[in-house]
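Here are the chains, one letter per residue:
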Amino acid sequence: MTTLTTATYGPVPSDAMCWRRSFPGRADQGHSVRQLATVLLGNGRLTDDLVQALAELFCNAVQHTHSGDPGGLVLVEIRRWSGGAAISVTDQGGPGHPIPKEPEPLAENGRGLYTVSAYAASWGWHGSTHGRTVTAVFTA
């Protein structure tokens, strides 16, 4: 696992569009997160993969961090440029760190970061138990 910084995947091109929105840290907000991404990204080649990865990261933030506590928030950022896009999800911290694991074949969960790593060109995180940001980069 690599901790991504802007230098890891290069600077965001000057023509990149950037949108940020915070959502209540509740599972029922996952649909709104997906809708936002779909509206912003349209029917591009990367849209389905990016929306799925974003939903996984949002769900992880709600399930595994303090963002899922009453009153918690999750910040979602979507950046798009010609030839690529990046998504970032910032949570309010919690125990442990984002670590992908090979899912059990019959398990009904545990595939979030595994799915993100399969869809994204690269991904990583930075932060601490007080708050972290997970970023996934997609290229056309």
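That block above? That's the structure.
Not measured: the values here are computed from a predicted model.

Thresholds, definitions, all that
Residues numbered from 1 in each chain as written. Predicted model: local features only at pLDDT ≥ 70, side-chain atom pairs only at ≥ 80, totals over all residues. Heavy atoms only, no water. Axes fitted to C-alpha atoms, helices over the stretch in contact; angles between N-to-C directions. Helix = DSSP H or I, 4+ residues; strand = E, 2+ residues; numbered from the N terminus. Parallel < 35°, antiparallel > 145°, perpendicular 65-115°, else oblique. Left-handed = near helix turned anticlockwise from the far one by under 90°. Contact = heavy atoms within 4.5 Å. Nonpolar A, V, L, I, M, F, W, Y, C, P; charged D, E, K, R; others polar. Buried < 20%, exposed > 50% of the residue type's maximum accessible area, 1.4 Å probe, protein only. Polar contact = N/O pair within 3.5 Å; in protein donor to acceptor, adjacent residues only side chain to side chain.

1. Looking at the packing of helix H2 (residues 30-41) against helix H3 (residues 47-64)
Direction vectors running N to C along H2 and H3 enclose 150°, while the axes themselves pass 9 Å from each other. On the basis of the axis angle, H2 is roughly antiparallel to H3. Crossing of H2 against H3: the hand is right-handed. Contacts from Gly30, Val33, Arg34, Ala37, Thr38 and Leu41 of H2 reach H3 at Thr47, Leu50, Val51, Gln52, Leu54, Ala55 and Phe58. Looking at the contact of H2 with H3, its residues break down into 8 nonpolar, 4 polar and 1 charged.

2. A few points about the side chain of threonine 47
Of note, threonine 47 is situated in helix H3. Judged by its relative accessible area of 6%, threonine 47 falls in the buried class. Of note is the side chain of threonine 47, whose polar atom sits 3.1 Å from the backbone nitrogen of glycine 44. Not counting chain neighbours up to four residues away, the residues in contact with threonine 47 comprise Leu41 and Gly42.

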